[in-house]
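Summary of structural features
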Amino acid sequence: MDVLKIYQKLRKYPLGGRLFDKAICFNAPYFSSISPEVVHFSEGHCEFKMKKKRSVQNHLGTVHAIAMCNLAEICGGMCMETIINKDQRWIPKGMKVRYLKKANTDLKGIVKFPKDKIKLGSNLLKIDVIDTSGEIVFDAEIEMHVSQKNPK
């Protein structure tokens, strides 16, 4: 499935972006916990936002650390979908995160990883999560393992 082509077709329609968001969450249901919204989706560059709402808050009233991890993972995973070859697959092998400041607003996750840098084996994607003032509140490095698909 070429998710980039699907997105490009859907975005031509009113609510096409929301339909794309829902399709991602249908395919990977846990992402629905943050209600992600696509902001930018192109080859090797993905941005998703999430609203600061009660269901993603911690006991301090800020965005929960794991919700930000979830935002980072959707950004990284969807970026991988745009850059791997059709005969390849990816899986996250690990994530290192840093909580840099309290997340008191809606958030946006941003990842850029050029297609020509992808390789079989380990690939390290860096995702920044920014607040509405543009400050980085969280960052993550996700190790994505790329391998050849098994022929059927």
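Residues numbered from 1 in each chain as written. Predicted model: local features only at pLDDT ≥ 70, side-chain atom pairs only at ≥ 80, totals over all residues. Heavy atoms only, no water.

Glancing now at helix H2 (residues 16-27). Structurally, the α-helix is built with 3.6 residues per turn, so residues lying three or four positions apart point the same way. End to end, H2 covers 17 Å across 12 residues, agreeing with the expected 16 Å (1.5 Å per residue, within 8%). Residues of H2 that are buried include every one of Gly16, Phe20, Asp21, Ile24 and Cys25, and no others. Along its buried surface, H2 packs onto helix H1 (3-10), strand E1 (37-42), strand E2 (45-50) and helix H3 (65-83). (Helix = DSSP H or I, 4+ residues; strand = E, 2+ residues; numbered from the N terminus. Expected span 1.5 Å × (residues − 1). Buried < 20%, exposed > 50% of the residue type's maximum accessible area, 1.4 Å probe, protein only. Contact = heavy atoms within 4.5 Å.)

Moving on to the environment of alanine 67. Mapped onto the fold, alanine 67 is located in helix H3. Taking the C-alpha atoms as reference points, alanine 67 and phenylalanine 31, 36 residues apart in sequence, are found 9.2 Å from one another. Setting aside chain neighbours within four positions, we find alanine 67 in contact with Ile34, Met50 and Val56.

Our next topic: the sheet that holds strand E3 (residues 88-99). Pairing is antiparallel in the open sheet, where six strands are placed in the order E1-E2-E4-E5-E6-E3. The open sheet has two free edges, formed respectively by E1 and E3, since each of these has just one partner strand. Across this sheet, the average inter-strand angle for adjacent strands is 20°, counted without regard to direction. When E2 meets strand E4 (residues 107-112), the two strands line up antiparallel, connected through six bridges. The partner of cysteine 46 across the bridge, within E4, is valine 111. (Pairing = 2+ DSSP bridges. Axes fitted to C-alpha atoms, helices over the stretch in contact; angles between N-to-C directions.)

Let's shift gears to the side chain of glutamine 88. Tracing the sequence through the fold places glutamine 88 in strand E3. Engagement of the side chain of glutamine 88 in a polar contact is seen with the backbone nitrogen of asparagine 85, the distance being 2.9 Å. The contact partners of glutamine 88, leaving out residues within four places of it in the chain, are Leu120, Val146, Ser147, Gln148 and Lys149. (Polar contact = N/O pair within 3.5 Å; in protein donor to acceptor, adjacent residues only side chain to side chain.)

Below, the discussion takes up a positive patch on the surface. A cluster of basic residues, Lys5, Lys9, Arg11 and Lys12, forms a positive patch at the surface. The exposure class assigned to lysine 12 is exposed, which follows from its relative accessible area of 67%. (Patch = residues over 30% accessible without salt bridge, like charges linked within 9 Å, V, L, I, M, F, W, Y side chains within 5 Å. Areas by Shrake-Rupley, 256 points an atom, 1.4 Å probe, with all protein chains shown as cover. Salt bridge = Lys/Arg side-chain N within 4 Å of Asp/Glu carboxyl O. Lys, Arg positive; Asp, Glu negative; His and termini not counted. Charge placed at Lys NZ, Arg CZ, Asp CG, Glu CD.)

Moving on, we come to the pairing of strand E6 (residues 136-148). Pairing geometry for E3 and E6, over 11 bridges, is antiparallel. Paired with tryptophan 90 across the strands is valine 146, a residue of E6. Here 10 bridges tie strand E5 (residues 121-130) to E6, and the two strands are oriented antiparallel to one another. For valine 129, the partnering residue across the bridge sits in E6 and is phenylalanine 138. Connecting E5 to the next strand, E6, in antiparallel fashion are five residues, including glycine 134 with a positive phi near 90°.

Core analysis: the largest hydrophobic core is formed by 42 residues, its most contacted members being Phe41, Phe48, Leu71, Met78 and Leu107. Residue assignment for this core shows that the elements contributing at least two residues are H1, H2, E1, E2, H3, E4, E5 and E6. It is H3 that contributes the most residues to this core, 11 residues altogether. In contact with leucine 107, not counting residues within four places along its chain, are Phe48, Lys49, Met50, Val63, Met68, Leu71, Val129, Ile130, Asp131 and Val137. (Core = buried A, V, L, I, M, F, W, Y, C linked by side-chain atoms within 4.5 Å.)

So, about the pattern of salt bridges. Scanning all chains against the criterion turns up nine salt bridges. Of the charged contacts in the structure, one is a salt bridge between aspartate 2 and lysine 86, with a shortest N-O distance of 3.4 Å. In this pair, aspartate 2 sits in the segment before H1 while lysine 86 sits in the loop between H3 and E3, placing the two residues 84 residues apart along the sequence. Classification of aspartate 2 as partly exposed rests on a relative accessible area of 24%. Residue classification places lysine 86 among the exposed positions, given a relative accessible area of 65%. The salt bridge involving glutamate 47 is made with lysine 108; its shortest N-O contact spans 3.4 Å. One end of the pair, glutamate 47, is in strand E2; the other, lysine 108, is in strand E4, and 61 residues separate them in sequence. Of the residues examined, lysine 108 reaches a relative accessible area of 26% and is grouped as partly exposed. Connected through shared salt-bridge partners, Arg98, Lys126, Asp128 and Asp139 make up one network.

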